[in-house]
Amino acid sequence: MSTADTLQGFKRDGRVVIVGASLAGLRAAEALRDEGFTGKLTMIGDELGEPYDRPPLSKQVLTGWVPADGTTLPRRRDIDAEWLLGVPADGLDLANNHVRLADGRTVPFDRMLISTGVRARPWPVEAEAALDGVFVVRTREDAAGLQRAVAAGPSRVLIIGAGFTGSEIASVCRERDIPVTVAELAPSPLVGGLGAMIGEIAADMQRAHGVDLRCGVKVTQLEGDAQGRVRRAHFSDGSTVDADVVVVALGGIRNTEWLRDSGLAVGVWGVACDAGCRAFDLNGLVTDDIFVAGDVARSPNPMYEYRFISLEHWANAVEQAEIAAHNMVSTQANRWPHLSIPTFWSIQFGVNIKSVGVPTYADEVVVTQGSVADHRFVAAYGYQGRVTAAVSFNNAKWLDHYRQLIERAAPFPPPCPTPDQPLDAKPVPVDFPGPTLLAQGATVVVTGHDPGERRVTAMRQHR
Ligand SMILES: Cc1cc2nc3c(=O)[nH]c(=O)nc-3n(C[C@H](O)[C@H](O)[C@H](O)COP(=O)(O)OP(=O)(O)OC[C@H]3O[C@@H](n4cnc5c(N)ncnc54)[C@H](O)[C@@H]3O)c2cc1C
């Protein structure tokens, strides 16, 4: 049988399993059906209920504008799938092509998609994390609980971590006039994603809205009362803050533990795959039948020197899912690379922040249009003399122009497209804080001598 016949047979009668039934999983399933896949489709998800959208959880759900159960993702089409929900996948057997579920069942497949995303990094001391009033925000249930706590009018909310989620939650609390302390180990909010210059602007914004912002300090302990309710936080500089709601916003952990013994290239930054979403095995060889999409994927982007990039962006999850689905049912010659330029948005303190490109892939940044003082501007990021990203504050209509500059590898600093370039605009070093986690993938050892035998094996981490 020819490759084309085999592919047609798979499209007609094959079995696809998608592990991770959320944004990327659902959009991939819809795209598979759009692409003419009529075989068996199984969705495996550890959460119960319909797939839902996460961005509103730290925004409209928290303000009470949208109820947590009103975030269900709109369906683009019927996907005619078997749904196995409320049970996590626990293992992947590549030799026998099946997924193991935590309840002991096995689910066979011909091709599968891994879209297990990220979970919230919990507060590291379990007993303190379990105190009443301590929250993370990743799921619908998390957001509903925090919304109730915020609506009850707490005396103070402490937010640990001033990344995008922590800053958005601080903003909602200040809108409701709730006293807020934000604790951030780095020198300013958003600095890890957008660098020092934008971090300073974000810090000014928070303080202007009445946030008690404490940067360069670590929360060392959460203290509860006799009823097990959080009451106070201790800081590394010896100070304390009394708070009855604490939000732990320390970023995410990629859901890859279930793949530990699978033989795939899995690490703290996710599951490595090629630009066509096909997973790499431990040896760095691309697999044929295993695809990856969304927050859990880590793939090389040709626009960024083929570096492996992991993104936690909504639009990336959708685009990657569609590419993975297309490639699953296409011959090699018809496969697509995932070449889109990343985009991200956030709303906080009355400002609509949007970015295009990869701001962390930069050595310089310059304000190219508008006014920082009015919080209406665009800043362009450059790496070794070419434009690699841009961020806008209340000025998103220009981002498409910058996306085109990035795609053309246009010289940095770019000329201002409007007459409102700040007169003193000069590129400055972008200045990201050092990584707290090393960018490590799987730790492996090489075995074998003959070229036909040489393979790598995963090693357990030694501490
Ligand atoms: C509070 C919040 C605000 C956000 N705001 C923005 C924003 O403003 N802009 C933006 O671009 N992005 C935002 N994001 C990020 C965006 O929501 C994610 O990029 C998107 O959800 C990624 O989708 P995904 O399907 O890859 O992963 P996820 O949405 O994480 O879904 C993965 C699914 O897999 C399940 N799963 C995990 N392990 C297993 C297993 N072993 N077996 C079965 N199922 C499993 C998980 O429970 C989950 O249901 C936000 C995220 C959060 C949490």
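Right above here is the structure, for reference.
Residues numbered from 1 in each chain as written. Predicted model: local features only at pLDDT ≥ 70, side-chain atom pairs only at ≥ 80, totals over all residues. Heavy atoms only, no water.

Asks: What is the right way to read the overall build of the chain from this model?
Replies: Scanning the chain from N- to C-terminus turns up 9 helices and 31 strands. For the chain, the C-alpha radius of gyration of 23 Å lies close to 23 Å, the compact-globule estimate for 463 residues. Taken along the three principal axes of its C-alpha coordinates, the chain extends 70 × 60 × 50 Å. Taken across its 463 residues, the chain has 52% of its residues classed as buried. (Helix = DSSP H or I, 4+ residues; strand = E, 2+ residues; numbered from the N terminus. Rg over C-alpha atoms; globule rule 2.2 N^0.38 Å. Buried < 20%, exposed > 50% of the residue type's maximum accessible area, 1.4 Å probe, protein only.)

Asks: Where do I start with the packing of helix α2 (residues 23-34) against helix α8 (residues 314-328) in this structure?
Replies: When two helices pack together, their arrangement is given by the angle between their axes and by how far apart the axes lie. Where α2 contacts α8, the two axes come as close as 8 Å, and the packing angle between them is 35°. You can see that α2 and α8 cross each other, and the crossing is right-handed. Of α8, the residues touching α2 (which contributes Leu 23, Ala 24, Arg 27, Ala 28, Ala 31 and Leu 32) are Trp 314, Ala 317, Val 318, Ala 321, Glu 322, Ala 325 and Met 328. Across the contact of α2 with α8, the residue classes break down as 11 nonpolar, no polar and 2 charged. (Axes fitted to C-alpha atoms, helices over the stretch in contact; angles between N-to-C directions. Left-handed = near helix turned anticlockwise from the far one by under 90°. Contact = heavy atoms within 4.5 Å. Nonpolar A, V, L, I, M, F, W, Y, C, P; charged D, E, K, R; others polar.)

Asks: Honestly, the nonpolar core in this entry has me stumped. Any pointers?
Replies: For soluble globular proteins, the rule of thumb is that nonpolar side chains tend to be buried together. Counting 48 residues, the largest nonpolar core has Leu 146, Ile 159, Ile 198, Tyr 381 and Phe 393 as the members making the most contacts within it. For this core, the element with the most residues is helix α7 (residues 191-208), which contributes 6 residues. Apart from the residues lying within four places of it in its own chain, the contact partners of Ile 159 are Gly 166, Ile 169, Ala 170, Val 180, Thr 181, Val 182, Ala 183, Val 247 and Ala 249. Residues Ala 21, Ala 28, Phe 291 and Ala 317 belong to the second largest nonpolar core, which totals 29 residues. (Core = buried A, V, L, I, M, F, W, Y, C linked by side-chain atoms within 4.5 Å.)

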